[in-house]
Amino acid sequence: MGPAEPSKGCGSHDAAKPLTFPLLSVTLLASFGSSMLYGYNLAVVNSPAVHIKAFYNITWTKRYGQGLSPGLLTLMYSLTVSVFALGGLVGSLPVGVLVTRYGRNGTLVRSTLLVFLASALMGFSRALASPEMIITGRFITGIHSGVCLSVVPMYLGEIAPKNLRGFLGLVPSIFICLGVFSAQLLGLPELLGEDGHWPLFLSVVAIPAALQLLLLRWFPESPRYLLIEKNDVRSATQALRWFLGKQDVREVVEEMREEQQSLSSVQTVSVRQLLQDRTVRWQVLSVVVINVGMQLSGIDAIWFYTNTIFENAGIPAPEIPYTTVATGAIEVIAGLIGCFTIERLGRRPLIIVGFCFMGICSLGITISLVLQTAVPWMRYISVACVVGIIAGFCIGPAGVPFLMTAELFKQSHRPAAYIVGGSLNWLSNFTVGFVFPFLQMSAGAFCYLVFCGVCLLVALYVHAVIPETKNKTFVEISHIFASRCAFLARTPDLVHMSKLHGYGALESSSLEDSGSSQA
């Protein structure tokens, strides 16, 4: 079980604040112009894979007089897929500097310029016979997603009242699923899935980015950023009134002041300072586990190579695009279920159940692929397990890790925490995207057992270590971890060895009484 929760401090019994139109609008807009592009770029290279590989082969032949070998072609396409994650890693590193200098809203607005550059490169790559433009464009879209995947949940987590933080925090995960679904839908042969349309298919990301650039700049900055980091009480109060739809926001300002006073410094800490701060070591470890586990769960292998997985499962080629679209629709539904139940069930149940379900389905894929030669109907079990992995991911692990990263840290530590979580998230994403084709060739169906083990271990860690953060202020959450760290620090002093017939044994003093220190 997770650690015991302390009694709720002041403000814990406040009346629930309603969801206002400005709050909903900025959540939808930021998610549409940023999070959805992440999901779209995850899946966009799936359906045109055959056409892109053919383009690479033709271009190589024109340049060098001979086609690519199968191994080199696989390497180039794997690089095309995984360089998106490498860009994401690069984009996640300067997040702390960007959000401190430009604010949360300002960083999102400025980052859209990267999308226009990437869209132009990928859109004209075929006309200029340049595979390098596709790879570079994918890298730049990765940088954009690396920035936004950290900044969007940070922004929404800071503007949302605590009773709506879970709901609004999972809206980006729904748009990630919508982005994947959009890529799968547009990739149908009747739309942009034909050979002549794939450059347009890769470059339509400019449309959501343009809408965000035009509209998001009119929304206020994060009130927490304005008050705690900039000490601009007047602008923070105006932003709060705009977001909450009421004039009297003194109660919220007081809660922010309480957090500001609890910080040893209002200056944003660096990654090095974060890692050296022993008071937040359990929070940092938790962010590492859930972010790495999110990517090593195998979800990126499913999204990047859905068509290949279905082909290996024996699904007829003409049916694969439509099967893929059906899985996209299911993941959107699963995301909606998670979004509308998180404030009722809490964060822990969603992420634990999601990872457990993904682990079971990964095991199911291995079993079905091994048996499908002897039992033909097993191929449908493979499809069901793929759908199960995606559904389990979208219910909780798709969005809860980003939400938890915001909730587990105070204002001064939050940007550095997002750098740590985001960089490891993207590094794991790159590893899976690049290694999976080779892992699949060498291990076959048994490669999914790796993902099964990761999912179950992460679920066990969350169950044992991470507390429930639903409807708690950032200060209250910090107190939960502080009490846990104090308990663990004193544990060695509570255990003493004594001689018992020549052997070391524990003295009769027990740890039971120390459990009260967690309360």
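Right above here is the structure, for reference.
Summary of the structure given here. Remember, it's a predicted structure, so these values are computed and weren't measured experimentally. (Residues numbered from 1 in each chain as written. Predicted model: local features only at pLDDT ≥ 70, side-chain atom pairs only at ≥ 80, totals over all residues. Heavy atoms only, no water.)

Our next topic: helix H2 (residues 49-64). The terminal C-alpha atoms of H2 lie 22 Å apart, and with 16 residues this matches the ideal 22 Å at 1.5 Å per residue to within 8%. Taken together, the buried positions of H2 are occupied by Ala49, Ile52, Phe55, Tyr56 and Thr59. Along the axis of H2, the buried positions cluster into a sector of 125°, meaning they face one direction only. For H2, the exposed residues set more than 90 degrees away from the buried face come down to Val50 and Lys62. Buried residues along H2 sit against helix H3 (70-92), helix H5 (131-159) and helix H7 (198-203). Remark: Gly65 follows H2 within two positions and exhibits a positive phi of approximately 80°. (Helix = DSSP H or I, 4+ residues; strand = E, 2+ residues; numbered from the N terminus. Expected span 1.5 Å × (residues − 1). Buried < 20%, exposed > 50% of the residue type's maximum accessible area, 1.4 Å probe, protein only. Arc of directions from axis to C-beta. Contact = heavy atoms within 4.5 Å.)

Put simply, H2 and H5 touch, their axes get as near as 10 Å, and they point 135° apart. By the criterion of interaxial angle, the relationship of H2 to H5 is oblique. On H5, the residues that touch Phe55, Tyr56, Thr59 and Arg63 of H2 are Pro131, Glu132, Ile134 and Ile135. Residues that form the contact of H2 with H5 fall into these classes: 5 nonpolar, 1 polar and 2 charged. (Axes fitted to C-alpha atoms, helices over the stretch in contact; angles between N-to-C directions. Parallel < 35°, antiparallel > 145°, perpendicular 65-115°, else oblique. Nonpolar A, V, L, I, M, F, W, Y, C, P; charged D, E, K, R; others polar.)

Next up on the list: empty space enclosed by the protein. Under the counting rule described, the total for this entry stands at 3 cavities of 30 Å³ or more. Roughly 60 Å³ of volume is contained in the largest cavity. Lining the largest cavity we find Ser35, Cys148, Leu149, Val152, Pro153, Gly169, Pro172, Ser173, Ile176, Gly399 and Phe402. Only H5 and helix H6 (165-186) provide two or more residues apiece to the lining of the largest cavity. Grouping the amino acids of the lining of the largest cavity by side-chain chemistry returns 7 nonpolar, 4 polar and no charged. (1 Å grid on protein atoms, 1.4 Å probe; cavity = no way out; pocket = protein on both sides within 12 Å on 5 of 7 lines; lining within 4 Å. Points joined across faces, edges and corners; volume = space filled by probe spheres on them.)

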